Amino acid sequence: MARAQSASPNDVRALALAGSTEDAKSLMLGKSREVRAMAVAALDSLLEINGRGADASKAGAQATYESARLWIIGAILISVVLGLGLAIIIARVVATAVRAHARCRAARCW
């Protein structure tokens, strides 16, 4: 074997071009395969971690959505109730003023 460290595609290519096909083949099938297997295992591990993080993020986003939805529905309901209450108060004030004006007009206050 030409090198004891990890084999790059350039190393394999250089050996093949130099005519050392057996060394290139052993380098490609030996250390390169081990390094590739370790890289794939590390990548699989990172994908697993990323998947768990995505699942946790999705759960957090779903909880936030549900909470925001409840707050918005509550705010709308409170706004409707307050709007109706203010409408009733304004209607009573106007009705009272109109009644007072009608009484005064009937009694010829001016």
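It should be emphasised that the depicted structure is a prediction, and the values quoted were computed from it without experimental measurement. (Residues numbered from 1 in each chain as written. Predicted model: local features only at pLDDT ≥ 70, side-chain atom pairs only at ≥ 80, totals over all residues. Heavy atoms only, no water.)

Trainee: Would you mind showing me how to read the overall build of the chain here?
Mentor: Looking only at helices and strands, one finds 3 helices and 0 strands in the chain. Carbon and sulfur atoms make up 66% of the accessible area of the chain, which totals about 9200 Å². (Helix = DSSP H or I, 4+ residues; strand = E, 2+ residues; numbered from the N terminus. Areas by Shrake-Rupley, 256 points an atom, 1.4 Å probe, with all protein chains shown as cover.)

Trainee: Can you help me understand the pattern of salt bridges in this one?
Mentor: Oppositely charged side chains can form a pair if their charged atoms are brought close together. Taken as a whole and assessed by the stated rule, the structure comprises 1 salt bridge. For Glu48, the salt bridge is made with Arg52, and the minimal N-O distance between the two is 3.5 Å. You can see Glu48 and its partner Arg52 sitting in helix α3 (residues 31-106), 4 residues apart, about one turn around the helix. The exposure class of Glu48 is partly exposed, given its relative accessible area of 45%. (Salt bridge = Lys/Arg side-chain N within 4 Å of Asp/Glu carboxyl O. Buried < 20%, exposed > 50% of the residue type's maximum accessible area, 1.4 Å probe, protein only.)

Trainee: Explain the environment of Ala14 to me, please; I cannot follow it from the model alone.
Mentor: Inspection of the secondary structure assignment puts Ala14 in helix α1 (residues 9-17). Residues Ala14 and Ala24, spaced 10 residues apart in sequence, show a C-alpha to C-alpha distance of 8.2 Å.

Trainee: Help me out: how do you make sense of the confidence of the model for the chain in this one?
Mentor: Should pLDDT be low for a region, the predicted coordinates there are not to be read in detail. Looking at the chain as a whole, its pLDDT mean stands at 85, while 84% of the residues score no less than 70. Of the regions scoring below 50 in pLDDT, residues 1-5 engages in 9 contacts with residues more than four places distant in sequence or in other chains. (pLDDT = per-residue confidence, 0-100. Contact = heavy atoms within 4.5 Å.)

Trainee: Would you mind showing me how to read a nonpolar patch on the surface here?
Mentor: A grouping of Leu86, Ile89, Ile90, Val93, Val94 and Val98 is seen on the molecular surface, where their side chains present a nonpolar patch of about 570 Å² in accessible area. Tracing the backbone shows Leu86 in helix α3. (Patch = residues over 30% accessible without salt bridge, like charges linked within 9 Å, V, L, I, M, F, W, Y side chains within 5 Å.)

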